[in-house]
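Architecture at a glance
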Amino acid sequence: IDNGQTIVMSGQGEPGPHGGPNGDLYIRVTVRSHKLFQRDGTTLRLDYPITISQAALGADVDIPTLKQPVKYRIPEGTQNDAEFRLKGYGIANLRGGGTGDLLVHVRVEVPKRLSEKQKEFLKNLEESLTGREYEAKKNFLDKVKSLFN
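Attention here is on the structure that accompanies the text.

**Notes on the overall build of the protein**
When you go through the protein residue by residue, the secondary structure sums to 3 helices and 8 strands. What you see for the protein is a C-alpha radius of gyration of 26 Å, clearly larger than the 15 Å of a compact globule of 149 residues, by over 25%. Dimensions of the protein, computed from the C-alpha atoms along their principal axes, are close to 90 × 45 × 35 Å. Across the 149 residues of the protein, 20% fall into the buried class. Summarising the internal contacts of the protein: among those between residues at least 6 apart in sequence, 41% fall at separations of at least 24. Split by element, the accessible area of the protein, about 11,800 Å² in all, is 53% carbon and sulfur.

**Focus: the nonpolar core**
Counting residues in hydrophobic clusters, the biggest one holds 19 residues, and the most contacted among them are Tyr48, Ile50, Ile63 and Leu102. Counting residues per element, the ones that place at least two in this core are strand S4 (43–51), strand S5 (59–63), strand S6 (70–74), strand S7 (83–86) and strand S8 (102–109). Excluding residues that lie within four positions of it along the chain, Leu102 makes contacts with Phe37, Leu44, Arg45, Leu46, Ile63, Pro64, Thr65, Phe84, Arg85, Leu86, Tyr89 and Gly90.

**Comments concerning the layout of surface pockets**
One number sums up the size of the second largest pocket: a volume of about 210 Å³. The wall of the second largest pocket is formed by Asn3, Val31, Arg32, Ser33, His34, Phe37, Gln38, Arg39, Leu44, Leu66 and Ile91. Residue contributions to the lining of the second largest pocket peak at 3 residues, all from strand S3 (residues 37–40). A per-class count over the lining of the second largest pocket returns 5 nonpolar, 4 polar and 2 charged.

The rules we used
- Residues numbered from 1 in each chain as written.
- Predicted model: local features only at pLDDT ≥ 70, side-chain atom pairs only at ≥ 80, totals over all residues.
- Heavy atoms only, no water.
- Helix = DSSP H or I, 4+ residues; strand = E, 2+ residues; numbered from the N terminus.
- Rg over C-alpha atoms; globule rule 2.2 N^0.38 Å.
- Buried < 20%, exposed > 50% of the residue type's maximum accessible area, 1.4 Å probe, protein only.
- Contact = heavy atoms within 4.5 Å.
- Areas by Shrake-Rupley, 256 points an atom, 1.4 Å probe, with all protein chains shown as cover.
- Core = buried A, V, L, I, M, F, W, Y, C linked by side-chain atoms within 4.5 Å.
- 1 Å grid on protein atoms, 1.4 Å probe; cavity = no way out; pocket = protein on both sides within 12 Å on 5 of 7 lines; lining within 4 Å.
- Points joined across faces, edges and corners; volume = space filled by probe spheres on them.
- Nonpolar A, V, L, I, M, F, W, Y, C, P; charged D, E, K, R; others polar.

This is the structure in C-alpha cells:
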C-alpha cells in the first residue's frame, strides 16, 4: 500500500442514528520510513558505502534487500555517486504488473585518519598514476586557469 492511501471498510463505522445501519470506516495509511531504503513508488533507493579499494579494484558485496542480501559485483573503477539497478528487488505493484527495482547509490568513503605508512602509500600511488585516469582533473584545472587569463 502507498503512503496517504485510504482503506474503506463498508459497514464497520459508527451505528446510524435511530437504529440505522452502520456507517463506513475510513482508514488513512501512513507508511513509516525505513532505516535503509527510500521509497519512490515501486522503486527502492539505497545509499551503499564502499571503500576506495573496492571502488578502484572492484569487489563482490552483499547488497541488502527487503527479503535477503543479494551478491553484487562492484565493477573495477567505480566512481563516487555511481548508481546500479537491481531489477525486481523493489516494491510489488498493487495492481499487478511486477515488482519495482532497487537503485543502489554508491558512496566512496574516504578515510579521515591515516597512519604515516598509509599516507606514504597513497602519495606513492598518486605519483605512479599517470595518463587517462587524470585527464578529467587536468581538463578541470585548465578550465580554472582560463578563468584567470
